[in-house]
Amino acid sequence: MNIRAHRDKSNRRLARDLLKGKSDCRHTYVLVEGSNDFRVWAKFKAHLCQIVIADGKDKLVAKLRYFNTNYPHWRNVAAIVDPDFWLLENANELDTENLLYDDMPSLELTLIASPALETVLVNTLPVDVAASYGEQLRNTALRLATEYGYYRLLDYRHRKYNLSFNQVSFDAVIDTETLELDEIRIAASLVSNSVLSASQLLEHIKELRRKVAPDIRLCRGHDVLNIMACLIGFDADLSGKAKIQTKSNELSRALRMAYEFTDFITTQLYSRIRKWKSENIPFRIIQDFPLERTAP
């Protein structure tokens, strides 16, 4: 058996056809950034909804604007995007027609903030500690990711500083005793190829913290997942098996699988999708919420 024979080329073909103005007038087409987004939204999509991978945020926005401009009569194309720093910066991109987003910066953060995290941990850790451990794990990881987010925000606003985020390893910059970030070590790593010195970077961060209050919108989902994996790895009382099962990539995969429709309908993204549906009848993105069935 060869997996190549099973690869579905239809997504690329579908994206090309849409750009050429070819679409099925019965279907709704929803652009998403990548494969992980596809895996989540494919669980909840309506029967006549097609999820199209746009291969990145910039391409997604460019394609959506292309459809809005060249096929304004189409009412069956939308996009779901991770807003990231657009939320904090109140970016104009958020006003793009047919662009749908949550009030969390990314899908990963939406999953982490949901009961899916407790579901994953109760199936990984001893059941009598999973709930309380999950709450503490989430809170600590979000706190550290928010603090680290100031460096991310500075980089977002000033690409010219050329900060090297690939030089930062969380297991080397989180104090295992205090569970605080080592700001000096972070700065030294980030400026390895920068026009700034470490002390100049820390001054910029100090000024940024005076202007921007701590906010979950500073967090990057991948940072939170990596920090969670580090915190679990630091715990000497957890088994090696549990630590392997909660590595960043494994944790991300498990969260996607554990995320339920009941979690999704509480989000602002769901509300925006419902509003889009009411304005673009008969096209639908999300299936109806399944009604409970009780025995007579």
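Look a little higher up for the structure.
Rules and cut-offs
Residues numbered from 1 in each chain as written. Predicted model: local features only at pLDDT ≥ 70, side-chain atom pairs only at ≥ 80, totals over all residues. Heavy atoms only, no water. Axes fitted to C-alpha atoms, helices over the stretch in contact; angles between N-to-C directions. Helix = DSSP H or I, 4+ residues; strand = E, 2+ residues; numbered from the N terminus. Left-handed = near helix turned anticlockwise from the far one by under 90°. Contact = heavy atoms within 4.5 Å. Nonpolar A, V, L, I, M, F, W, Y, C, P; charged D, E, K, R; others polar. Parallel < 35°, antiparallel > 145°, perpendicular 65-115°, else oblique. Phe/Tyr/Trp six-rings, centres within 6.5 Å; stacked < 30°, edge-to-face > 60°. Buried < 20%, exposed > 50% of the residue type's maximum accessible area, 1.4 Å probe, protein only. Pairing = 2+ DSSP bridges. Core = buried A, V, L, I, M, F, W, Y, C linked by side-chain atoms within 4.5 Å. Arc of directions from axis to C-beta. Polar contact = N/O pair within 3.5 Å; in protein donor to acceptor, adjacent residues only side chain to side chain.

Draft legend 1. Here's a closer look at the packing of helix α9 (residues 183-190) against helix α10 (residues 198-211). Put simply, α9 and α10 touch, their axes get as near as 9 Å, and they point 120 degrees apart. As α9 packs across α10, the resulting crossing turns out to be right-handed. Packed against α9, whose contacting residues are E183, A187, A188 and L190, the element α10 presents A198, L201, L202 and R209 at the interface. Residue composition of the contact of α9 with α10, grouped by class: 6 nonpolar, no polar and 2 charged.

Draft legend 2. Broad picture of the packing of helix α7 (residues 130-157) against α9. Axis separation between α7 and α9 bottoms out at 12 Å; the angle between their running directions is 30 degrees. By the angle between their directions, the pair α7 and α9 is classed as roughly parallel. Viewed along their axes, α7 and α9 form a crossing whose handedness is right-handed. For the pair formed by α7 and α9, the contact residues are E147, Y148 and Y151 on the first element and E183, I186 and L190 on the second.

Draft legend 3. View of the packing of aromatic side chains. Taken as a whole, this structure holds 16 aromatic pairs when the rule is applied. Consider the rings of W41 and F264, whose centres lie 5.1 Å apart with planes at 55 degrees: the pair is tilted. Here W41, found in helix α2 (residues 35-44), pairs with F264, found in helix α14 (residues 261-264); they are 223 residues apart in sequence, far enough to count as distant. The exposure class assigned to W41 is buried, which follows from its relative accessible area of 5%. What makes F264 buried here is its relative accessible area of 0%.

Draft legend 4. Quick look at the sheet that holds strand β4 (residues 99-100). Reading across from one edge, β2-β1-β3-β4 is the order of the 4 strands in this open sheet, with parallel pairing throughout. Lying at the two open borders of the sheet, with one neighbouring strand each, are β2 (49-53) and β4. In terms of strand pairing, strand β1 (residues 28-32) meets strand β3 (residues 77-80) through 3 bridges, oriented parallel. Within β3, the position partnered with V30 by the bridge is A78. α2 contacts β1, β2 and β3 of the sheet and is inclined by roughly 165 degrees relative to β2.

Draft legend 5. Representation of the nonpolar core within the structure. W41, L201 and F264 are the most contacted members of the largest nonpolar core, which has 75 residues in total. The element best represented in this core is α7, accounting for 12 residues. In contact with F264, not counting residues within four places along its chain, are W41, F44, Y259, L269, Y270, I273 and I286. Membership of the second largest hydrophobic core comes to 22 residues, among which are A54, L60, V81 and L99.

Draft legend 6. Just α2, in detail. By the burial criterion, the buried members of α2 are D37, V40, W41 and F44. Projected onto a plane normal to the axis of α2, the buried residues spread over an arc of 85 degrees and lie on a single side.

Draft legend 7. How the structure looks around the environment of A187. Checked against the element boundaries, A187 lands in helix α9. For A187, a relative accessible area of 0% translates into the label buried. Between the alpha carbons of A187 and Y151 there is a distance of 8.9 Å; along the sequence they are 36 residues apart. Those residues in contact with A187 that sit more than four places away from it in its chain are A198, L201 and L202.

Draft legend 8. The arrangement of α9 in detail. All of the buried residues along α9 are I186, A187, S189 and L190. All buried residues of α9 lie within an arc of 165 degrees about the axis, which places them on one face of the element. On its buried face, α9 sits against α7, α8 (170-173) and α10. The backbone nitrogen of I184 lies 3.3 Å from a side-chain oxygen of the residue at the head of α9, namely D182.

That's the geometry; what it means functionally is another story.
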